[in-house]
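# Reading the structure
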Amino acid sequence: MSTKAGQSHRAISPNDAMKAQAKLEQGLAAHQHGSFAQARDLYERALKLHPNHFDAVHMLGLLAYQQGQLDRAALLIGKALKLDPDVASAHNNFGNVLQDQRKLTLALASYDRAISLDPQYAEAHNNRGDLLQVLGRVTEALTSYARAIELAPRYAAAFYNQANAFGRLGRWRQAVESYDQALAISPQYPQALMNRGNALVELRENEAAVQSYTQALSLDPTIPYLAGTLLHVNTQQCKWDDYQVHLEALLKDLRADKPVCLPFPLLALTDDTILHKQVAQAWVATVRSTIRSPWVETVRNHRAKLRVGYFSGDFCNHPVAYLSAGLFEAHDRARFEIFGFSFGPDTRDEMRQRLEKTFDHFLDVKDCTDTQLVARARECELDIAVDLTGLTKGCRPRVFLARVAPVQVSYLGYPGTTGIPEMDYVLVDQVIAEPSDAMHYTEKLIRLANSYQANDPSRRPSQRVFSRKELGLPEQGFVYCCFNNNYKINPAMFDRWMQILSEVPDSVLWLREATEETAKNLRKEAVARGVAGDRLVFAGRIDSMADHLARQRAADLFIDALPYNAHTTASDALWAGVPVLTCKGGSYAGRVGASLLSALDLHELITTNLVDYAVLAIALARDPARLFAIRTKLEHQLLTQPLFDIERFARNIEQAFVVAIERKAKGLPNDHFDVGV
């Protein structure tokens, strides 16, 4: 709290000046000790003696800022700068206030002024970097952080902020190095430890990430969402030490409204839809938009075509794109104009290049701030905005909180309620959400006929025939498979799988590619349940999606997981001609298998509890004729049932869009409705 001698605009007696300075110094001491009420009283008493005392006005303003009184802080620090416009620290503090008021251009000018007055002012360089990150100018922010670090080599916060900027650019190894530098200076830095863990997860160094998270939690058990993140990363490795204890503690805290888990990881931990909604709403409340550009309600009836914008961070080789690419191509261009807003990385992979050609308008908005993205989307005058990302990694909820279209719809990428009040609808089907489930969604339900899931019929298996030997599978015996992500496997599910293997001699379980650590953990868990570890077979990496689908034909039966079913991987197996056995759960995420099988009229593969699920899995392995009949039926249904009929699906979803926008145009409130044939 550096101070500067005040400037007087009226005669102040030497005695009053001395008394004012004494009060100021007492106030500074109280301020530094956190006695804010006492400090404020002393600063105000100093001003009664010396009404234009720069330091007293400035420090009152700083105190107001620290107490969250932004308007008062701006008024006071602004007054101080009129008394003396050449104090770098005041310009820096004024920049902080303006940034929190979302007056970003003015804030940047304040930081620049502070630096022009004092080029060696490391804190101003650091704060300028933080603001440049907010503005989306991340590379420039790195320059500011580098200058701050050059001026103050022991500036832990600058290293931390530099690491965050590296992370935003996807430069994860450099991010870890900067976090390490921050921690070398300040070892008791829980936020740095947490974000270091996040960067290590991106580098797929999960074991090191767990260590970093654990250390962060030991320093600060209240870090928001970290307990859930730690449990989620452990489940990605199928590391289940004290899993049930940690899960029950997490759920207890969530039910007490403690922010200990993000919405997406929770979907794989419980099918408690009440809790899913509660956690989504609470998280969305913390990120509620501060964009100061109010939405003007507009429904544009004059156009021949409805404008539909699809928003995603996954327009690349990603499951959401694999499923939806055919839908984008199948839209009726005589009635709809289709926009794609990509806020994910420009991967230049095969799917990215396909999608850039598919949309009528493809907008790469990854470098846009939320405010800029809202502005660009509104310029397109959309009728319908479809969020394909929901609350998954890289989501942009503030964009939809600000509203970019008269009707906003959540679809496909997030299997649950978003908790966003401005999200008007969620696209589901009659299996995913029954009428009684409406209470678990903040959106109104649009229930499509057949399955909610778009499927691209061009994504066919190759003609390559894989031998079991080349896939690492035994040449004889029954092959169960599940290519779900590892975090969807939990101890209770694994118990059932090992029960099934125990009851079916010479059977194996074929799982997706896994790290050495994950494979080791799962084999250890199998042995603990009386099953030899080598009865788990892990699929090797294969670059061709068509070959990946084709190799699945080597499996006899795909066995689904709960509470988070296979989604894209289930449709992959079905498309390859492999029957999928599922257990219908209580949440959206746990009903996808049932949705897909219902659309294929394969209800005999849907169970409603894990006991029946295990019994049926064992029975099908023991009755080859029964399984062959199901497999033959599946091959027929793929050609005759609606699941992979993308033209029919496109017409259904278009009907949903038309009904939603017509209701809006008539001034009717959003409401649940069913569409499709």
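Here's a quick rundown of the structure. What you are looking at is a predicted structure, and each value in this text was computed from that prediction instead of being measured.

### What to know about the layout of surface pockets
- The volume enclosed by the second largest pocket comes to roughly 480 Å³.
- In this structure, the second largest pocket is lined by 21 residues; those nearest its centre are L217, A227, L230, H246 and L250.
- Going through the elements one at a time, α12 (206-219), α13 (226-236) and α14 (243-255) are the ones with two or more residues in the lining of the second largest pocket.
- When residues in the lining of the second largest pocket are grouped by element, the largest group, five residues, is from α14.
- Taken together, the residues of the lining of the second largest pocket break down into 13 nonpolar, four polar and four charged.

### A short note on unusual backbone geometry
- Cis geometry is found at the peptide bond from L562 to P563, where omega equals 15°.
- Mapped onto the elements of the fold, P563 is located in the loop between β11 (557-559) and α24 (568-575).
- For C238, which is not glycine, the phi dihedral falls at a positive 55°.
- In this fold, C238 is placed in the loop between α13 and α14.
- Its identity as a non-glycine residue notwithstanding, D257 has a phi of 65°, on the positive side.
- Looking at the element boundaries, D257 is found in the loop between α14 and α15 (263-267).

### Observations concerning the pairing of strand β9 (residues 508-511)
- Burial along β9 is two-sided: V508 and W510 and L509 and L511, pointing in opposite directions, are all buried.
- In the sheet, strand β8 (residues 479-482) pairs with β9 via four bridges, with the strands oriented parallel. Opposite C481, over in β9, you have W510 as the bridge partner.
- This β-α-β element, β8 to helix α21 (residues 491-503) to β9, shows right-handed connectivity.
- By the bridge criterion, three bridges tie β9 to strand β10 (residues 536-538) in an arrangement that is parallel. Among the inter-strand pairings, W510 is bridged to a residue of β10, identified as V537.
- Handedness of the crossover is the feature at issue here: the chain leaves β9, passes through helix α22 (residues 516-528), returns alongside β10, and the resulting connection is right-handed.

What counts, and where the lines are drawn
- Residues numbered from 1 in each chain as written.
- Predicted model: local features only at pLDDT ≥ 70, side-chain atom pairs only at ≥ 80, totals over all residues.
- Heavy atoms only, no water.
- 1 Å grid on protein atoms, 1.4 Å probe; cavity = no way out; pocket = protein on both sides within 12 Å on 5 of 7 lines; lining within 4 Å.
- Points joined across faces, edges and corners; volume = space filled by probe spheres on them.
- Helix = DSSP H or I, 4+ residues; strand = E, 2+ residues; numbered from the N terminus.
- Nonpolar A, V, L, I, M, F, W, Y, C, P; charged D, E, K, R; others polar.
- Buried < 20%, exposed > 50% of the residue type's maximum accessible area, 1.4 Å probe, protein only.
- Pairing = 2+ DSSP bridges.
- Right-handed = clockwise from strand over helix to strand, strands pointing away.

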